[in-house]
Amino acid sequence: MVFILIGLIFDRYSKENNLKNVSFKREVETSVVEIDETFNVKIVVENKKWLPVSFLQIKEAFPMDLEFSLKANVEINYMQKIHTMTMALMPFQRITRIYQMIGLKRGKHIFQEISFISGDFIGLKTYSEPYSNGYRQEIVVLPKPYSSLNDLKPYSNYYGDISVKRWIIDDPIMIRGVREYTGNEAEKYIHWPTTLKNGKLMVKDFDFTSDHSAIIILNTEVNLYLWENKDLPKIEACFSLTRTVLEAFEVEGIPYGLASNVTGITNFLGRSITDIGYGSHHLHLLLESLGRADY
């Protein structure tokens, strides 16, 4: 009789406090990935009270274009994937699970709602409770590089048309290197450290006054009216082509920018035309904007 009474007390208490002081934390390893690239999702569940949680089920909603690389308890419901985890927590216990996922399609994919399903101490009833503590996280999948790079033929060259073939005036600010003194250079241009090292006069070699840059224009307006059906494969090919051209300018050392009428790009960058730039950070910013592009 005493055990029954204790069980009923625990049952009553668990109904009211079973999910109290139970914390959930989800960490996504990265925010930007390639198509079919594996990334880790870390789940940490912790019971911060003296009462055990005999039954806890966590349901996470994922976009259809994200997939677990290994076997997981996943079902499809209303055009989204539901991942279910079932566990029991002892007092002050922490459980950590790490899952591997891949992105199947270019775009911005948002991890959606989370819900807890728990039961009473006896196990006769279950109840659900939403958990929306700032876990609307996202992952950006970049477009694939254009598959046939050799098919891209520049109209003239990467710099465009150059009307002057022979540069006359040196730029005293842009130093390209050092070379041997010929007697025609001014003495102020002598590079003394290199002169002492080589045992002969060396002067600074300047680059020419020329600063070429490029703007890539991406137009996805394929129909006269916006509400008409879009040719999505061709638009995706344009994203891939734009990425390949961006990377080609980066390799060639040519400053570049991007102009587009795509909604996701303008929202992410804050403007339709980006500043001219160069370097890995600039390239990463523009590639991420292509991944976020929306129709």
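Placed above this text is the structure.
Quick caveat, the model's predicted, so the values are computed rather than measured. (Residues numbered from 1 in each chain as written. Predicted model: local features only at pLDDT ≥ 70, side-chain atom pairs only at ≥ 80, totals over all residues. Heavy atoms only, no water.)

Draft legend 1. Expanded view of the nonpolar core. One finds Val45, Leu56 and Ile58 to be the most contacted residues of the largest nonpolar core, which totals 26 residues. With sequence-adjacent residues up to four places away left out, Val45 is seen in contact with Val22, Ser23, Phe24, Leu56, Ile58, Met87, Leu89, Gln93, Arg94 and Ile95. Membership of the second largest hydrophobic core comes to 21 residues, among which are Leu142, Leu218, Leu269 and Leu283. (Core = buried A, V, L, I, M, F, W, Y, C linked by side-chain atoms within 4.5 Å. Buried < 20%, exposed > 50% of the residue type's maximum accessible area, 1.4 Å probe, protein only. Contact = heavy atoms within 4.5 Å.)

Draft legend 2. Broad picture of helix H3 (residues 232–252). The end-to-end C-alpha separation of H3 is 30 Å, in line with the 30 Å expected for 21 residues at 1.5 Å each. Looking at the buried positions of H3, the neighbouring elements they touch are strand S15 (214–218), strand S16 (256–260) and helix H5 (280–292). The first or second residue beyond H3 is Gly253, which carries a positive phi of 75 degrees. (Helix = DSSP H or I, 4+ residues; strand = E, 2+ residues; numbered from the N terminus. Expected span 1.5 Å × (residues − 1).)

Draft legend 3. Representation of the side chain of His83 within the structure. As for its position among the elements, His83 is in strand S7 (residues 81–89). Residue His83 is classed as buried on the basis of its relative accessible area of 2%. Discounting chain neighbours no more than four positions away, the residues touching His83 are Ile58, Lys59, Glu60, Phe62, Phe68, Ala72, Asn73, Val74 and Tyr99.

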